[in-house]
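# Results of the structural survey
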Amino acid sequence: MLKSYIWSVPTRVFHWLFALLILVAFLTDDDDLLTYHAIMGYALLILLGFRFFWGYLGPKYSKFKDFPLGIKNLKAFMHTILSSQQNFIGHNPAASYVMLGMFVVVFMVIATGALTFGIQEGKGVFSFLNDSFFKKMELFEALHEFFANVLIALIAAHLIGIASDKLLHSKHETLQSIFTGYKITQEKSSISLTLLQKFIAFVFFIALLVFLVFNLMQPKNILTASSYKSID
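Below is a short write-up of the structure. (Residues numbered from 1 in each chain as written. Predicted model: local features only at pLDDT ≥ 70, side-chain atom pairs only at ≥ 80, totals over all residues. Heavy atoms only, no water.)

## Section: the packing of aromatic side chains
Applied cut-off: Side-chain rings of Phe, Tyr and Trp (the six-membered ring for Trp) are treated as a pair once their centres are within 6.5 Å; stacked means planes under 30 degrees apart, edge-to-face means over 60, and tilted covers the remaining angles. A 1.4 Å probe rolled over the protein chains alone gives each residue an accessible area, and that area as a share of the maximum for its type sets the label: buried under 20%, exposed over 50%, partly exposed in between. Sitting over a ring, as applied to charges here, requires NZ of Lys or CZ of Arg to be within 6 Å of the ring centre and within 35 degrees of the ring normal.
By the definition in use, this model includes 14 aromatic pairs. The interplanar angle of 65 degrees and the centroid separation of 5.3 Å between the aromatic rings of Phe146 and Phe147 together place this pair among those described as edge-to-face. Under the relative-accessibility criterion, Phe147 is labelled buried at 16%. One aromatic cluster in this structure is built from Phe14, Phe18, Phe50, Phe52, Phe53, Trp54, Tyr56, Phe64, Phe67, Phe103 and Phe204. In this arrangement the basic side chain of Arg51 is found over the ring face of Phe14, its NZ or CZ atom lying 5.9 Å from the centre.

## Section: unusual backbone geometry
Under the convention used in this document: In this description a helix means any DSSP run of H or I spanning at least four residues, a strand means any run of E spanning at least two, and both kinds are numbered starting from the N terminus.
At Tyr61, a position not held by glycine, the phi torsion is positive, near 80 degrees. Turning to its location among the elements, Tyr61 is positioned in the loop between α2 (34-57) and α3 (71-79). Here Tyr61 falls in the buried class, since its relative accessible area comes to 6%.

## Focus on the nonpolar core
Just so we agree on the cut-off: Nine residue types can take part in a nonpolar core, namely buried Ala, Val, Leu, Ile, Met, Phe, Trp, Tyr and Cys, and a core is a set of them joined through side-chain atoms within 4.5 Å. The contact criterion used throughout is that any non-hydrogen atoms of two residues lie within 4.5 Å.
Counting 37 residues, the largest nonpolar core has Phe18 and Phe211 as the members making the most contacts within it. Mapped by element, the contributors of at least two residues to this core are α1 (9-27), α2, α4 (93-121), α5 (139-168) and α7 (195-217). A per-element tally of this core places α2 first, with 12 residues. Those residues in contact with Phe211 that lie beyond four places of it in its chain are Ile39, Tyr42, Ala43, Ile46 and Leu223. If you look at the next biggest cluster of nonpolar residues, it comprises 6 residues, including Tyr5, Ile6, Trp7 and Ile191.

If you want it as structure tokens, here you go:
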């Protein structure tokens, strides 16, 4: 058995920032904290943008084409789930579906959240819809809550998958790999980053950092400002 470098630093940083921002978004889901709730949503959108490019331009195991999708792969995984044999070095089929599902659902949560923020609160980029017939509807708010609940279910599935893998295949060090980047494999399967990949990761990281600093210092901007004029 060999130790292979599977998850690059940008992949691991994305994973933990993604988890952290989702957590903060849930913690700020309060009427008094809606501005910060919206900021977390837009920050997650930047992360999704990075993951989209990373899924095509990133290293092996992070690319979407490396996700072993399909009924055939899923059946093979379920039949050998109790086996100690390692058939998938990167994401396994179940994890692939959960991860892709999370990306799609998070995007839907952000989209419906931004629409709800504009229609119901008259704030943000969709604040102009506050005076439209949409204001009489609670459709987007209901959709926002629905997709948020779906996200919770996917997160639970992800955690269950981690726990089961730790229980059944601890020798592969899958859980540790999201911290260290290394997994135990049967043959050497390490990845390395090209200059272009490092540049893409750096640009998105700086963009996210600048966005968060600016919005936390100037929370009332075009993304969160109210369309209502204050009255003296």
